[in-house]
Amino acid sequence: MDVGLLVFGLSGLLTLVCFMPPLAGRLKLPYSVLLAIVGCLLGIVVHLHGWAPPVLRDLLDSIERFEISSDTFLMVFLPVLLFETALSMNVRRLMDDIGPILMMAIVAVVVCTVVVGFSLNAVSSYGLIVCLLLGAIVATTDPVAVVGIFREVGAPKRLTTLVEGESLFNDAASIALYSVLLAAIGGVGDGLSAGSVLGDFLYAFLGGGLAGYLMGRAACYLFAWLRGFPTAEITLTLTLAYLSFFISEHYLGVSGVVATVIAGLVVGSAGRTRMSPATFEHLSSAWEQFGFWANSLIFLFASMLIPRMMDEADWTELLLVLLLFVVTLVARAIVVFGLLPLLGLTRLGTKVSNPYKTVMLWGGLRGAVSLALALAVTEQDSVPPEARQFVAVATTGFVLMTLFINGISLRPLIRMLGLNQLSPVERTIRNQALTIALEDLQEKTDEIAKTDHISPEASKRIHAVFDGSLASVHDSQVSQMSLEQRVAVGLGIVARREEEMFFDILKAQIVDWRMAEALLARAERLEDAVRTGGLKGFEAAIEADVRYSPGFRMALRVHYTFGFQSWLARELAQRFSNLMTKRSVAQRLIQFASEQIGPLLGEDAAQRIVGAHQRRLDLIEASLQALNLQYPSYALWLQESYLGRVARELERMRYRSMLDQFLISGEVYADLMGQLKGRWQHIDRHPGLDMEMAAADLIKRVPLFEGLSADSLRAICRLLRPRLALPDQPVLGAGRHGEEMCIVASGAVAVHLPDGTAIELGSGEFFGELALLGERQVNPDVTSLGYSKLLMLSARDFHALLARDADLRDRIQTVAKQRMRAIEVWKQFSQQAQQLP
């Protein structure tokens, strides 16, 4: 085909597509349904266009010559559609409902295939395998149809997530079953068996997920090389969609659908912290455009095939189409109303309400993917001609019925069930926000009218508009909500504001992408805790937020076991930086809650929310205090780095503003940016957190070892094991007395005596030696008061050291005798106290 005619035809189709969204809105039709209608009409017109003028005739000629094959749908359009949908999904929301999603994506496909196969086989003569093949083809809910219609009808967020998640993952199950059944019809392989189907599916699904994850993570790391070039970064996401699909399908032999979906989810969740700030702001709009093109063209091309595929249909096949429509609804109802409730009883599932189930049942639309699979069957010479005809007609008729029956009635169904309406709490919040905004705007409008000398009559008319809108709000009283409801709503608002603040910090490059990724994940978990548990969930989440991470605990364990300190130092530095950033954000959140939540939800709710966040700030401050005292130099560098990054961003914004206002030229701007980079480059040099855990350095600080010979110090160094004790961490607890002696190199520990009192031991002091010397009557618990650096000496090494070094033995025994004398005095005092009446 001539390249010019190809470009001419595509341009004509895209021009036609431009007018479809506004036309669909005026006709009150889902966009996908309108595309299907236009595509069917176009499929008829391209064969009957001899009457058309030259330009239109050439356009229709070029469209007629398009070689539309199943590979065109699966290789050109499907990766873009899948990646665009996955990119826009919230991974944490997806994981919240992963049980129902996988149930609908996998189990529903199997149930639909089996029910359709055996039902149609009972009333037709095409054979069980052909009927099962048809069931696998129609089991997939097309993401184009489902996502497009649900966005248009304004479905609730969770319902949209459930149906989008299903449409993303069930293609893999459907295509896996389709491939096995198609091979069985053609006589390829060992025949049809449940084991082969399950094995092929698991390999395709899990292998595709792993391939997509690895390629998605690789792309996220490559973003660091492309920072500052938004066009290159967006291009990389486009190539990732195609490469993940093609490589998985053709080289790895796994599901390209799953690989593309997982790659999109990875980029959508982790990529935003790796890309340059300008990129992520443009990424969504760019992919929205890609998705619009692919969505429109795939529906037009697929719909143009409908007249040809239905051309030879007879009444028997049309009756089978009607039966197919009913049977698929029954199969879907079995899963939605039968299996989903059972899943909700387990820990793997979440509750799904009956209105949601009803919409999920009726919203299982089919579209271009089913048509592409049916088209692929017609291209297989190994399939009997009558089977090809049956699959093509049944699939095409079924897709049309779901679009024109389910698709058109979906909007009224959602309205009838009330799923497009705000809840009473949301409606009250909306009216309260409307009241506050209109009153504020009314005052500002009056001020503008007075300043600009607007006539009183015009001002009065504008004032009347605000008065009318305020009068229309009937239930704007927040007092209709309970205090717990208002507090929960306010905490959710502040949690979303926190996530925005962390993202703003990332865009300003105040923190690096690794820390930003951790902070954003923590903010999302905090929002989830508020959403599910309200104030109690928030309080539990803030306590968990300041706990040590699993990575930190693992690094600490490795340090205790092997003495390896570099990993622990990095984890300590990461914790230090996270706490500093969280403290800054927590302080601003308290101010935000004080100023914004009170007018919206009431002062009593605002005070509760401010109090909860103040408790959070206190926990962060307490966690930071010990670090600041123990590592003052690193704390000073963190403060300098934070302030320097803010100053750098302010300077960058100032130069950009001057460029936008034409105060400076592009050349001057480039020179200023070069100077800015050199001026602030020192704040990006991250110093390591010096734990100073080497025994040779630490023993010099211990008075117990002062004056010992160099040989003695070297011998001691070989025996002592440095260890970092965390705040409030037990150092010597029950069952460990008599095993080792501890020397405080820096920091402090508290020795908890049996009478409830405690003795603090600071740098240079030691404990645990009494048990090693045979005194086991008093074995107090010892905890660290901060980030204490300890030198541990095992019992065996302790006795060997004392036997070899008389001077050190005398020093330790002197202190031990003093302590044993104090214990005797304490015992006598305790006995006398017990004898008193």
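Starting from 1, residues in each chain are numbered consecutively following that chain's sequence as written. In keeping with the model being predicted, local features are shown solely for residues with a pLDDT of at least 70 and side-chain atom pairs are shown and tallied solely at 80 or more, while totals for entire chains, interfaces and linings include all residues. Water and hydrogen atoms play no part in the side-chain values, which are based on all heavy atoms of the structure.

**Q** Got a sec to walk through the side chain of threonine 395? Specific residues and values, please.
**A** Locating threonine 395 in the fold gives a position in helix α18 (residues 385-417). Between two residues, a contact is recorded if the distance between any of their heavy atoms is within 4.5 Å. Leaving out residues up to four positions away in the same chain, threonine 395 has contacts with Leu134, Ile137, Val138, Ser370, Leu371 and Ala374. A helix here means a DSSP run of H or I that spans at least four residues, while a strand means a run of E at least two residues long, and both kinds are numbered starting from the N terminus.

**Q** Explain the sheet that holds strand β8 (residues 788-794) residue by residue, including any values.
**A** Taken in spatial order, the four strands line up as β1-β8-β3-β6 in an open sheet, and their pairing is antiparallel. Among the strands making up the open sheet, the edge pair consists of β1 (721-725) and β6 (766-767). One bridge is not enough; two strands pair if DSSP finds at least two bridges between them. Sheet analysis places β1 next to β8, joined by five bridges and oriented antiparallel. Each bridged residue has a counterpart across the sheet, and for alanine 725 the counterpart in β8 is serine 788. Packing against the sheet, helix α31 (residues 795-804) makes contact with β3 (740-746) and β8, and its axis sits at approximately 75° to β8. To get an axis, fit a line to the C-alpha atoms, keeping to the stretch in contact for a helix; angles then go from 0 to 180 degrees between the N-to-C directions.

**Q** Can you explain helix α12 (residues 230-252)? Please cite residues and give values.
**A** Here the expected length of a helix is defined as 1.5 Å per residue gap, with one fewer gap than residues. The first and last C-alpha atoms of α12 sit 31 Å apart over 23 residues, in line with the 33 Å expected at 1.5 Å per residue. Per-residue accessibility, obtained with a 1.4 Å probe over protein chains only, is compared with the maximum for each type, and a residue is labelled buried under 20%, exposed over 50%, and partly exposed between these values. All buried positions along α12 are accounted for by Glu233, Ile234, Leu236, Thr237, Leu240, Ala241, Ser244, Phe245 and Ser248. Glycine 253, located one to two residues past α12, shows a positive phi value of around 70°.

**Q** Tell me about a nonpolar patch on the surface, and please be specific about residues and values.
**A** To count toward a patch, a residue needs a relative accessible area over 30% and no salt bridge; like charges are then connected within 9 Å, while nonpolar side chains (Val, Leu, Ile, Met, Phe, Trp, Tyr) are connected within 5 Å. Here, Shrake-Rupley sampling with a 1.4 Å probe gives the accessible areas, and only protein chains in the shown set may cover a residue. By definition, a salt bridge exists where a carboxyl oxygen of Asp or Glu is found within 4 Å of a side-chain nitrogen of Lys or Arg. Residues Val110, Val114, Phe118 and Leu128 make up a contiguous nonpolar surface patch of about 320 Å² in total accessible area. The greatest single-element share of the nonpolar patch, amounting to three residues, is contributed by helix α7 (residues 98-123). With respect to the helices and strands, the residue valine 114 is situated in helix α7. Of the residues examined, valine 114 reaches a relative accessible area of 39% and is grouped as partly exposed.

**Q** Report on unusual backbone geometry, specifying residues and quantitative values.
**A** In this model, histidine 453 sits at a positive phi of 55°, which is unusual for a non-glycine residue. When you line up the elements, histidine 453 lands in the loop between α19 (424-451) and α20 (456-471). Positive phi outside glycine occurs at aspartate 728, with the angle close to 65°. Its relative accessible area of 64% is what places aspartate 728 among the exposed residues.

**Q** Run through the sheet that holds strand β5 (residues 758-761), naming residues and quoting values.
**A** Taken together, the four strands give an open sheet; going across it, the order is β2-β7-β4-β5, and neighbouring strands pair in antiparallel fashion. The strands lining the two open edges of the sheet, one partner per strand, are β2 (730-732) and β5. Taking each pair of neighbouring strands and ignoring which way they run, the sheet shows an average axis angle of 30°. Here two bridges tie β2 to strand β7 (residues 781-784), and the two strands are oriented antiparallel to one another. When the bridges of β7 are listed, leucine 732 appears paired with valine 782.

**Q** Lay out the environment of glutamate 500 in plain terms, naming residues and giving numbers.
**A** The residue glutamate 500 is located in helix α21 (residues 483-507) in this model. Glutamate 500 sits in the partly exposed class, given a relative accessible area of 44%.

**Q** Could you give me a rundown of the packing of helix α29 (residues 710-719) against α31, with the residues and numbers involved?
**A** At their nearest, the axes of α29 and α31 sit 11 Å apart, and the two run at 170° to each other. If you check the angle between α29 and α31, you find them roughly antiparallel. From α29, Ala715, Ile716 and Leu719 reach across to α31, where they touch Asp797, Leu801 and Arg804. Polar here means any residue other than Ala, Val, Leu, Ile, Met, Phe, Trp, Tyr, Cys and Pro, which are nonpolar, and Asp, Glu, Lys and Arg, which are charged; Gly is therefore polar. Grouping the amino acids of the contact of α29 with α31 by side-chain chemistry returns four nonpolar, no polar and two charged. Reported orientations rely on four angle classes, namely roughly parallel under 35 degrees, roughly antiparallel over 145, roughly perpendicular from 65 to 115, and oblique for the rest.

**Q** I'd like a rundown of the pattern of salt bridges, residues and numbers included.
**A** A complete count under the given rule lists 11 salt bridges for this structure. With a closest N to O distance of 2.8 Å, arginine 616 and glutamate 498 form a salt bridge. Of the two residues, arginine 616 is situated in helix α25 (residues 603-630) and glutamate 498 in helix α21; the sequence distance between them amounts to 118 residues. Judged by its relative accessible area of 4%, arginine 616 is buried. Judged by relative accessible area, glutamate 498 falls into the buried class, the value being 2%.

None of this, on its own, says anything about what the molecule does.
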